[in-house]
Amino acid sequence: MSSTTADRLKEFPSARWFIISAAMFFVITTFVGLLVATKFVWPEFMGTAKWLTFGRMRPMHVNGVIFGWLLAADMGVIFYLVPKLCGTGLWSEKLGLFTVVLFDTIILCAIFTTSLGITQGLEYAELPFVLDVGVTLAWVLFGLNVFMTIAKRKHKKIYVSLWYTMGAIIWTAIVYITGNFAVMFFTGVNQANLNWFYVHNAVGLIFTPLGIAIAYYFIPKAANAPLYSHKLSMIGFWSISFVYVWTGAHHMIHGPISQWLQTVSIIFSALLIIPVWTVVVNFFGTVSGRWDQVRRDPVLKYLMAGTTFYLLTCFQGPMQALRSVNAITSKTDWVVGHAHMALFGGFSFFVIAGTLYAVPLMVRRPLYSVKLGNHAFWFMLTGGLIYFFSLWTGGFIQGLQWNDASIPFVNTVISMQPYWVARLVAGTLIFTGAVVYLYNLSRTFWGPDTEEAPATETASVVQRG
Ligand code: HEM
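One structure accompanies this document, and this report is about it. From a predicted model like this one, the values you see are computed outputs, not experimental measurements.

This brings us to the nonpolar core. Grouped together as the largest cluster of nonpolar side chains are 142 residues, with contacts concentrated most on Leu81, Phe218, Leu303 and Tyr437. No other element matches the 19 residues that helix α7 (residues 188–223) contributes to this core. Beyond its immediate sequence surroundings of up to four residues, Leu81 is in contact with Ser161, Ala213, Ile214, Tyr217 and Phe218. Residues Leu35, Val36, Leu52 and Met57 belong to the second largest nonpolar core, which totals six residues.

Below is the structure:
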């Protein structure tokens with residue numbers, strides 16, 4: 001039986017608007033990243049207009065992708081999976097819609113403030129005070145909606161995705177307030193210490209638990225298999241909550257902070273292996289024996305590639321924290337490769353999978369095109385791999401050169417050129433993938449009602465419940 005667009009677009013309005021606006025910001029802000037990458041290859045590119053300089057476009061890209069894309073997409077998918085796991089509707093869709101409008105307004109304002117050069121001057125915390133207050137308010141409203149939904153749940157059991165979601169909401173509040181407000185009361189090394197606490201935990205206690213919550217929900221669903229081990233999932237949750245918070249200082253190894261703090265951060269970085277191992281074993285264990293499904297289904301492709309990148313990121317992290325390795329890799333382009341693997345290859349892949357699975361169910365029609373879903377995946381995967389490997393190689397060589405006092409600094413910049421060209425090619429592929437992904441989602445939302453589901457490879461993808 002066919003339903004009209006108006007009928008279909010009644011369910012999960014807050015989740016839908018978060019997801020579609022995030023997908024738009026994904027395209028816009030990766031395009032900004034592409035422009036920044038072009039500047040590395042042709043420094044005169046885009047002239048000397050102030051708002052088009054590296055110093056303004058870089059924070060626009062970084063804040064745009066992490067907040068406008070990744071966090072917003074996570075919030076959208078969480079607004080879908082929490083009600084599903086609780087067997088009830090979202091506590092307040094009106095509040096949810098208000099949160100979307102508030103959050104997206106902040107992101108639009110942030111695009112202007114970064115282009116005007118208005119900044120707090122701290123990594124990942126460039127947004128001005130008033131926008132920080134807005135983000136905090138939006139987060140409180142988001143958290144309230146999620147916690148109230150969980151409070152009125154029909155299913156007694158709390159599935160691991162809900163644990164990670166609740167953890168992420170509390171940790172994000174602490175991490176964001178520390179990095180954007182408390183940090184202003186300190187100066188010098190103490191301020192740097194708080195800033196790195198924020199930067200590292202933005203990844204470890206915001207995007208990691210949200211990404212894992214999403215993957216824990218969608219991997220068993222998409223593979224149509226029970227979770228490999230609930231016990232393991234709980235060990236992972238509690239260990240991440242104890243271990244992660246100590247690792248931020250590993251960004252200042254060989255820096256002016258005390259040796260004991262450096263050693264503590266190194267030890268806890270190594271201990272991260274525990275939560276990571278539990279998650280990865282659980283994810284691969286769940287899909288084990290169902291690899292033919294991965295071949296057909298873009299959702300599982302994103303989830304499994306994301307798991308692999310998560311594992312690699314968390315293998316690199318403890319290694320980079322070792323004093324000997326850190327002396328080579330720290331502050332080089334290696335770290336940029338590492339950051340993109342975590343936030344793009346890991347957590348963006350998880351949330352893209354979540355949207356490709358959930359959106360068709362929200363709008364009660366199949367994904368517009370599974371073929372396009374697969375194409376977007378291959379663009380992003382190929383681009384991602386070229387991006388990561390070129391910057392790891394280039395960054396490692398850069399670090400070795402920096403350690404050799406006989407090499408003038410300018411020569412170390414010149415020797416990065418081939419790797420930056422490769423990054424530009426990679427960025428073009430990733431951007432193309434993002435456009436295809438947005439097109440596919442938009443057609444799924446708003447394609448004509450008469451449009452037939454593409455009758456390709458996809459029975460399993462089309463008939464999800
Ligand atoms: C077209 C794709 C992309 C390109 C070409 C690109 C390019 C860049 C460039 C040139 C920088 C500045 C690096 C520097 O200062 O040396 C950067 C930084 C950054 N980008 Fe991207 N980016 C892309 C996609 C993404 C995505 C999808 C995410 C996350 C979801 C992301 C997250 C970041 C982060 C977190 C940083 C800061 C890295 C650091 O300082 O360690 N980027 N990107």
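Right, let's talk about the environment of Ser442 for a bit. Tracing the chain through its elements places Ser442 in helix α17 (residues 417–446). The residues contacting Ser442, other than those within four sequence positions of it, are Ile20 and Gly447. Within the structure, Ser442 has its side chain in polar contact with the backbone oxygen of Leu438 (distance 2.6 Å).

Further remarks concern the coordination of the iron atom of the ligand. Listed as protein donors to the iron atom of the ligand are His61 (NE2) and His340 (NE2); their distances from the metal cover 2.0 Å. Because the angles between the six donor atoms bound to the iron atom of the ligand fall within 85 to 178 degrees, the donor set is best described as octahedral. Here His61 is found in helix α3 (residues 54–86), whereas its partner His340 is found in helix α14 (residues 333–362), with 279 residues between them in sequence. We classify His61 as buried; its relative accessible area is 15%. Given the relative accessible area of 21%, His340 is considered partly exposed.

Right, let's get into the site of the ligand. Near the ligand lie 25 residues; those nearest to it are Arg58, His61, Tyr124, His340 and Gly427. Between the ligand and Arg58, the relevant distance is 2.4 Å, taken from an oxygen atom to a side-chain nitrogen or oxygen of the residue. His340 places a polar side-chain atom, nitrogen or oxygen, 2.8 Å from a nitrogen atom of the ligand. Mapped by element, the contributors of at least two residues to the shell around the ligand are α2 (13–41), α3, α14 and α17. Class assignment for the residues of the shell around the ligand results in 16 nonpolar, six polar and three charged.

Criteria and cut-off values
- Residues numbered from 1 in each chain as written.
- Predicted model: local features only at pLDDT ≥ 70, side-chain atom pairs only at ≥ 80, totals over all residues.
- Heavy atoms only, no water.
- Core = buried A, V, L, I, M, F, W, Y, C linked by side-chain atoms within 4.5 Å.
- Buried < 20%, exposed > 50% of the residue type's maximum accessible area, 1.4 Å probe, protein only.
- Helix = DSSP H or I, 4+ residues; strand = E, 2+ residues; numbered from the N terminus.
- Contact = heavy atoms within 4.5 Å.
- Polar contact = N/O pair within 3.5 Å; in protein donor to acceptor, adjacent residues only side chain to side chain.
- Donors = N, O, S within 2.8 Å, 3.2 Å for Na, K, Ca; no water.
- Tetrahedral: all angles 85-135°; square planar, octahedral: opposite > 155°, others 65-115°.
- Near = heavy atom within 4 Å.
- Nonpolar A, V, L, I, M, F, W, Y, C, P; charged D, E, K, R; others polar.

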